[in-house]
Amino acid sequence: MAADTSRSVAKAADGETTLAARGPSRTTAKNAGSPRGGLRRALATHWYAWAMIAPVVLVLGVIVGWPLVRGVYLSLTDANERNVARTIGVRHIDATYEFVGLDNYTAVLGDPVFWQRLVWTVVWTVACVSVTFVLGLTLATMLNRQFRGRAAYRMALILPWAVPGFVSVFAWRFLFNRDNGILNKVLDGGGISAIPWLDDPTWAKFSVIAVNVWLGIPFMMVALLGGLQSIPGELYEAAEMDGAGPWQRFRHITLPGLRAVSMTVILLSTIWTFNMFPVIFLLTRGGPGDSTEILVTQAFREAFIASPRDFAGSATWGVLILGLLMIFALVYRRSLRKQGEVW
């Protein structure tokens, strides 16, 4: 009896030990599989990384996140300069604007002005990005070769990138001046009548595209030049030994080798050009008339030039611009994934 009792106690002790050993492992496995457990483990393992990015996230939240949330909220109201909170002298006037839902979006999307601005913005963006890419690729290909004075040429072509944008635009505005501009002086010396660069709608559109292309070429050239220098030279040597000509080498080696870089710079250039406010506003003020007005300058006009200033309408234009760019980025990413590119 004593032996049986001791064996039972031993088995019970062993069972409790086994259950005790298995219990924490099951709990740990359960916590590991839960999102909360994974988050805790990530915080415990990479706490230094979270600590490093915390200030950046905080700054972005203050500079980008709060204005974005505020803009979306204003787009759902009827806020303008007459009903927002303001202080006149020692008197403070409270805000009286009201929530109107999607009425602003309905009004903007139903206005022909929006679609006119959208069509010209798309044309302006496609023209600028296409010409900039072709010229940037051409210059990058030329500068990728060994020749005397290559460093000087590179510095000269990068110079427009170093000059502040508003300075470059004012310089081009002087060049485009109808009466005293250098371009018309040169044409007059050749017996050609002066061109109304900024006074005619067609020439004004050509002018803003030319200036934006001039400003965008350095970035495109530098990015594509870096991509060209990453392509192994052995590929060109092997293709040349096989009898491939310059065009064949460019088509079958250079372009595929630049695909990843090209897709990235085209996306960035498209977003920047779509929102390129300084060139349009400083060069033509959206004119003559409203022929060169794009979406972002129209949003600025609603908030700072129109009377009364329509803050809700401007916020609506801004949210629509953001939505259009997000849709473009998603479609662009999906097309890249179908082509086998990882982005």
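A. Representation of helix α15 (residues 311-338). When the terminal C-alpha atoms of α15 are compared, their 41 Å separation across 28 residues agrees well with the 40 Å that a helix rising 1.5 Å per residue should span. Residues of α15 that are buried: Ala312, Gly313, Ser314, Ala315, Thr316, Trp317, Leu320, Ile321, Leu325, Ala329, Tyr332 and Leu336. Buried-residue contacts for α15 involve α3 (47-74), α4 (103-109), α5 (112-143), α12 (259-274) and α14 (295-304). The backbone nitrogen of Ala312 lies 3.4 Å from a side-chain oxygen of the residue at the head of α15, namely Asp310.

B. Local environment of the packing of α12 against α15. Interaxial distance between α12 and α15 falls to 11 Å at its minimum, and their mutual angle equals 170°. Classified by the interaxial angle, the pair formed by α12 and α15 is roughly antiparallel. Crossing geometry of α12 relative to α15 is assigned as right-handed. Seen from α12, the contacting residues are Ser262, Met263, Ile266, Leu267, Thr270, Ile271 and Phe274; seen from α15, they are Ile321, Leu324, Leu325, Phe328, Tyr332 and Leu336. Here the residues of the contact of α12 with α15 sort into 11 nonpolar, two polar and no charged.

C. Structural detail: the packing of aromatic side chains. Within this structure, the stated rule accounts for 19 aromatic pairs. Ring centres of Phe281 and Phe300 lie 5.0 Å apart, and the angle between their planes is 70°; on these two criteria the pair is classed as edge-to-face. Here Phe281 is found in helix α13 (residues 277-283), whereas its partner Phe300 is found in helix α14, with 19 residues between them in sequence. The class of Phe300 is partly exposed, set by a relative accessible area of 25%. Of the aromatic side chains, those joined through ring pairs into one cluster are Trp172, Phe176, Trp197, Trp203, Phe206 and Trp214. Geometry around Trp120 places Lys205 over its ring, the cationic atom sitting 5.1 Å from the centre.

Rules behind the numbers
Residues numbered from 1 in each chain as written. Predicted model: local features only at pLDDT ≥ 70, side-chain atom pairs only at ≥ 80, totals over all residues. Heavy atoms only, no water. Helix = DSSP H or I, 4+ residues; strand = E, 2+ residues; numbered from the N terminus. Expected span 1.5 Å × (residues − 1). Buried < 20%, exposed > 50% of the residue type's maximum accessible area, 1.4 Å probe, protein only. Contact = heavy atoms within 4.5 Å. Polar contact = N/O pair within 3.5 Å; in protein donor to acceptor, adjacent residues only side chain to side chain. Axes fitted to C-alpha atoms, helices over the stretch in contact; angles between N-to-C directions. Parallel < 35°, antiparallel > 145°, perpendicular 65-115°, else oblique. Left-handed = near helix turned anticlockwise from the far one by under 90°. Nonpolar A, V, L, I, M, F, W, Y, C, P; charged D, E, K, R; others polar. Phe/Tyr/Trp six-rings, centres within 6.5 Å; stacked < 30°, edge-to-face > 60°. Lys NZ or Arg CZ within 6 Å of the ring centre and 35° of its normal.

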